[in-house]
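# Architecture at a glance
For reference, the chains in residue letters:
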Amino acid sequence: MNDKAKRAKELFLEGYGCAQSVLLAFREELNIDKDTAVLIASSFGGGMGRLREVCGCVSGMFMVAGLKKGPLNPKDFKAKEGHYRLIQSLAEDFKKETGSIICRELLGLPANSKSAPAPQPRTQEYYKKRPCPDMVALAADILEKRLFS
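Reading the values: the criteria
- Residues numbered from 1 in each chain as written.
- Predicted model: local features only at pLDDT ≥ 70, side-chain atom pairs only at ≥ 80, totals over all residues.
- Heavy atoms only, no water.
- Axes fitted to C-alpha atoms, helices over the stretch in contact; angles between N-to-C directions.
- Helix = DSSP H or I, 4+ residues; strand = E, 2+ residues; numbered from the N terminus.
- Left-handed = near helix turned anticlockwise from the far one by under 90°.
- Contact = heavy atoms within 4.5 Å.
- Nonpolar A, V, L, I, M, F, W, Y, C, P; charged D, E, K, R; others polar.
- Salt bridge = Lys/Arg side-chain N within 4 Å of Asp/Glu carboxyl O.
- Buried < 20%, exposed > 50% of the residue type's maximum accessible area, 1.4 Å probe, protein only.
- Phe/Tyr/Trp six-rings, centres within 6.5 Å; stacked < 30°, edge-to-face > 60°.
- Lys NZ or Arg CZ within 6 Å of the ring centre and 35° of its normal.

### Thoughts on the packing of helix 2 (residues 18-25) against helix 10 (residues 132-147)
- One way to put it is that helix 2 packs onto helix 10 with a least axis distance of 10 Å and a crossing angle of 35 degrees. Judged by the twist between their axes, the crossing of helix 2 over helix 10 is right-handed. Each of Cys18, Ser21 and Val22 in helix 2 lies in contact with helix 10, whose residues at this interface are Cys132, Val136, Ala139 and Leu143.
- Partitioning the contact of helix 2 with helix 10 into residue classes produces 6 nonpolar, 1 polar and no charged.

### Structural notes on the pattern of salt bridges
- Using the criterion set out here, one finds 9 salt bridges in the structure.
- Where Glu14 meets Arg7, a salt bridge forms, and the shortest distance between an N and an O atom there is 3.5 Å.
- With relative accessibility at 33%, the residue Arg7 sits in the partly exposed group.
- As a salt-bridge pair, Lys9 and Asp134 come within 2.9 Å of each other at their nearest N and O atoms. One end of the pair, Lys9, is in helix 1 (residues 3-14); the other, Asp134, is in helix 10, and 125 residues separate them in sequence.
- In the salt-bridge network here, residues are joined through shared partners; they are Arg7, Glu10 and Glu14.

### Here we look at the packing of aromatic side chains
- Scanning the model with the defined rule gives 1 aromatic pair in all.
- Between Phe26 and Phe148, the aromatic rings sit 4.8 Å apart at their centres with planes inclined by 25 degrees, giving stacked as the arrangement. Taken together, the residues Phe26 in the loop between helix 2 and helix 3 (27-30) and Phe148 in the segment after helix 10 connect sequence positions 122 residues apart.
- If you follow Lys4 out to its NZ or CZ, it ends over the ring of Phe26, 5.7 Å from the centre.
- Between Arg122 and the ring centre of Phe12, over which it is positioned, the NZ or CZ distance is 3.9 Å.

Below, the structure written as structure tokens:
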């Protein structure tokens, strides 16, 4: 496990959400302060506000990719195409390892399920049922290898 993967996992275990953990692991390289990173990624935990849609790890990867490689010119369609190609490729890398990029599928929840907005306390039982610590590490590993090496 590389340094960014370890850091992302540590951040998750400290209580940050999946997207927050991934973005925070790269905040120094992206020249973004901690509070801003925490706030930007705060809505994406639990598959976007616990809707159990796109996994927060994947959303965090996309945030990092956008800050690192995203196009600034809204009329540069070639740059947008290249960036979207990168985003799709990152999603595919994650999906190859996990089988999905959808939170509810990764957690083994029923189709079309969403969770109550209240997050669950981070207990030992919580961590036994969740693959999230390893998935934030995977997302950070993919990013480090693809965008930062």
